[in-house]
2 protein chains.
Amino acid sequence: MSRRNVAILLFPEVEVLDFAGPFEVFSRTRLDPGVESRRSEETAPFRVYTVARTGEPITATGGLRVIPHFDFDEAPSPDILVIPGGFGTRALLEDDGMLAWLRRAAGGVELLTSVCTGSLVLARAGLLAGRRATTHWGAHDLLEAIDPSISVDRESRVVDDGVVTSAGVSAGMDMAFHVVERFCGKDVADETGRYIEYPRLPGAGLPAGGPGRAPTGR
Amino acid sequence: MSRRNVAILLFPEVEVLDFAGPFEVFSRTRLDPGVESRRSEETAPFRVYTVARTGEPITATGGLRVIPHFDFDEAPSPDILVIPGGFGTRALLEDDGMLAWLRRAAGGVELLTSVCTGSLVLARAGLLAGRRATTHWGAHDLLEAIDPSISVDRESRVVDDGVVTSAGVSAGMDMAFHVVERFCGKDVADETGRYIEYPRLPGAGLPAGGPGRAPTGR
C-alpha cells in the first residue's frame, strides 16, 4: 500500500502534547480495526517521523528530551507537515532560516497543519494569508496582529480552510483525527479513537468557546 | 514551595501518549492561573522526570526516540510513580529485574499510578492484589488472569483504589488530572485543563463503557 509521509517539526521548547498527540494519532492509525493490527505497520496509512534543524536532541517544554528522526537535509519529503506550538514558537517568528525552510517545505506538501501556537509561525511565513485559522486561546490576538488578513476563529477546536489549524495543545489530537478522517474516512478515524480511548465524538459535550470546543466542518 | 517528584517510567515500546499525556499534565500544572505562570517553574507543584533502566535512548511505539532523564540508580526518589502501558509491557511481565525494581520503588512512593496496560505490570508485581483496577479494553481479561484477586473495572476511565489505574492511552491524561485534583484541588486541575484545552468536564458527554468513560470517584 502507499503510505503518506507525516513530518512533525521539533524545536527547542516545543510543547510536549502538541507533537506527541498527533504523533500518537497518526502512528497508531490502521486501516484494519482491533488490537492485533497495531502490532505491525502492514495496514498503517501513515509513516510518521520527527524532523528538526539538526539531528541533535531537542528539549521540549517541561524538559522532555527527544531525538529527531531527521534533520532538514535528510528528511524525506512530507505529504503532511505538522507544525506544533509551544513557547519555542516565539523564537521561530524571528528565525529567517526556519521561516524559509517552512515556506519551501509547505510548497511541496499535500496538506499543511498546525497545533496551538504553531499557527503563529505559519502566519509569519505568510502561509495563512486570507484564510480562516485558529490557535491557543492565549494567542488569538497575536495571530491576528501577525497577519491581519487572517480571519481568526476564536470558537472552533479545528479549522480547515485548506491549511488545517487547531486550538491549544490537546486540540492537536482532534486536528490529527480530522486529517485521518479526511484521508481514510470516518470509520478508520473513529476506530483509531476507540483504540486509544480518545473521546472522539461529535460535539462530545464540549462547550462552544470553552476548553473543549467542537471541530468545525471541513 | 515543596514540590512532589513525579517519575514516569520509560521502556522499549512504551506507548507515546501513555507517557507524554501525563508528562504534559503534571509538568504544565501551576498553582497560579494563566499563560504567564507557565513560563517558569515558580508555582509548579510537580517536578516531572522520566526514568529508565539505563540512560540510553528509548524507542517508543511508532518509533519516537526519547532520552530518559535518569537511570534507576541516579533517579531521585519519586513521590508519585507513573507506569505507562504499550506493547512493551509484555516483556516487562517476564522481567524479574524490572519487577523487583518496581516493588522497591512502589514501596517508597506516596502514590502509585498506571496508564493503560501499565496496570498489567503492577498486577504481575503483586501491587494490585485485592484492589479494584482497570486497563486498556483489550487487556481486561489478561489483567484478571494475571491476578484473580483484582476486581477489574471494565467501565471506568480512572479507578482510584489506593493505587490509581486508568483505561487505555488517552485516559492517562484523565488519570493525571485526577491526581492533580487530589493533591492541588479541583480549581487547579480545571485551570490546567483549560490551559492545555483538554475537555476535562464531569461526564463530558462520555458514554459509559465507550471510548470516553467518565472517571469514577476517588
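Relevant structure appears above.
Nothing here was measured: the structure is a model prediction, and the numbers come from that model.

A. Structural context of the interface of chain A and chain B. On the chain B side, the residues contacting the 37 residues of chain A number 37 residues. At the level of elements, α1 (16-28), β4 (65-67) and α7 (186-195) of chain A are the ones that each hand at least two residues to the side of chain A that touches chain B. Residues of the side of chain A that touches chain B, tallied by class, amount to 21 nonpolar, 10 polar and six charged. For β4(A) and strand β4 (residues 65-67) of chain B, the ladder comprises three bridges, and the chain directions are antiparallel. The residue bridging A:Val66 from the neighbouring strand is B:Val66, located in β4(B).

B. Region of interest: helix α6 (residues 171-184) of chain A. Residues and elements named next belong to chain A. The terminal C-alpha atoms of α6 lie 20 Å apart, and with 14 residues this matches the ideal 20 Å at 1.5 Å per residue to within 8%. Of all the 14 residues making up α6, 10 are buried; the element is thus mostly covered by neighbouring parts of the structure. For α6, every residue scored as buried is listed here: Ala171, Gly172, Met173, Asp174, Met175, Ala176, Phe177, His178, Val179 and Val180. On its buried face, α6 sits against α1, β6 (80-83), β7 (111-114), β10 (158-161), β11 (163-166) and α7.

C. Geometry of the pairing of strand β1 (residues 4-9) of chain A. Residues and elements named next belong to chain A. Two elements, β1 and strand β2 (residues 46-52), share six bridges in a ladder whose sense is parallel. Pairing of Val6 across the sheet is with Val48, part of β2. Viewed along the sheet, the connection from β1 through α1 into β2 turns out right-handed. Of the pairings in the sheet, the one linking β1 to β6 comprises three bridges and is parallel in character. Looking across to β6, one finds that Ile8 is bridged to Val82.

D. Summary view of helix α3 (residues 96-107) of chain B. Here α3(B) contains 12 residues, and its C-alpha end-to-end distance of 17 Å stays within 8% of the 16 Å for a straight helix at 1.5 Å per residue. Those residues of α3(B) that are buried lie in contact with β6 (80-83), α2 (89-92) and α4 (118-124) of chain B.

E. Expanded view of the relation of the copies chain A and chain B. With an RMSD of 0.0 Å, chain A superimposes on chain B once it is rotated by 180° and translated 0.0 Å along the axis. The superposition operator between the copies reduces to a two-fold rotation axis. Here 100% of the contact residues of chain A are again contact residues in chain B; the copies associate through an equivalent surface.

F. Here's a closer look at the packing of helix α1 (residues 16-28) of chain B against helix α6 (residues 171-184) of chain B. Residues and elements named next belong to chain B. One can describe the packing of α1 onto α6 by two numbers: an axis separation of 8 Å at closest approach and a directional angle of 30°. Taken together, the axes of α1 and α6 are roughly parallel relative to one another. Of the two elements, α1 crosses α6, and the hand of that crossing is right-handed. Packed against α1, whose contacting residues are Leu17, Asp18, Gly21, Pro22, Val25 and Phe26, the element α6 presents Gly172, Met173, Met175, Ala176, Phe177 and Val180 at the interface.

G. Just the nonpolar core, in detail. If you look at the biggest cluster of nonpolar residues, it comprises 132 residues, and the most contacted ones within it are A:Ile8, A:Leu10, A:Val82, B:Ile8, B:Leu10 and B:Val82. Look past the residues within four positions of B:Val82 in its chain and what remains in contact with it is B:Val6, B:Ala7, B:Ile8, B:Leu9, B:Pro22, B:Thr113 and B:Val115.

H. Structural detail: the environment of A:Asp18. All names here are of chain A. Within the secondary structure, Asp18 is located in helix α1. For Asp18, a count of 36 C-beta atoms within 10 Å translates into the label buried. The sequence separation of Asp18 and Leu102 amounts to 84 residues, and the corresponding C-alpha distance is 18 Å. Setting aside residues up to four positions removed in sequence, Asp18 forms contacts with Pro84, Gly85, Gly86, Val115, Cys116, Gly118, Val169 and Gly172.

Scoring rules and cut-offs
Residues numbered from 1 in each chain as written. Chains lettered and ligands numbered in written order. Predicted model: local features only at pLDDT ≥ 70, side-chain atom pairs only at ≥ 80, totals over all residues. Contact = placed C-beta atoms within 7 Å. Helix = DSSP H or I, 4+ residues; strand = E, 2+ residues; numbered from the N terminus. Nonpolar A, V, L, I, M, F, W, Y, C, P; charged D, E, K, R; others polar. Pairing = 2+ DSSP bridges. Expected span 1.5 Å × (residues − 1). Buried ≥ 20, exposed ≤ 12 C-beta atoms within 10 Å, placed from the backbone. Right-handed = clockwise from strand over helix to strand, strands pointing away. Least-squares fit on C-alpha atoms with pLDDT ≥ 70 in both. Axes fitted to C-alpha atoms, helices over the stretch in contact; angles between N-to-C directions. Parallel < 35°, antiparallel > 145°, perpendicular 65-115°, else oblique. Left-handed = near helix turned anticlockwise from the far one by under 90°. Core = buried A, V, L, I, M, F, W, Y, C linked by C-beta atoms within 7 Å.

These figures capture arrangement, not role.
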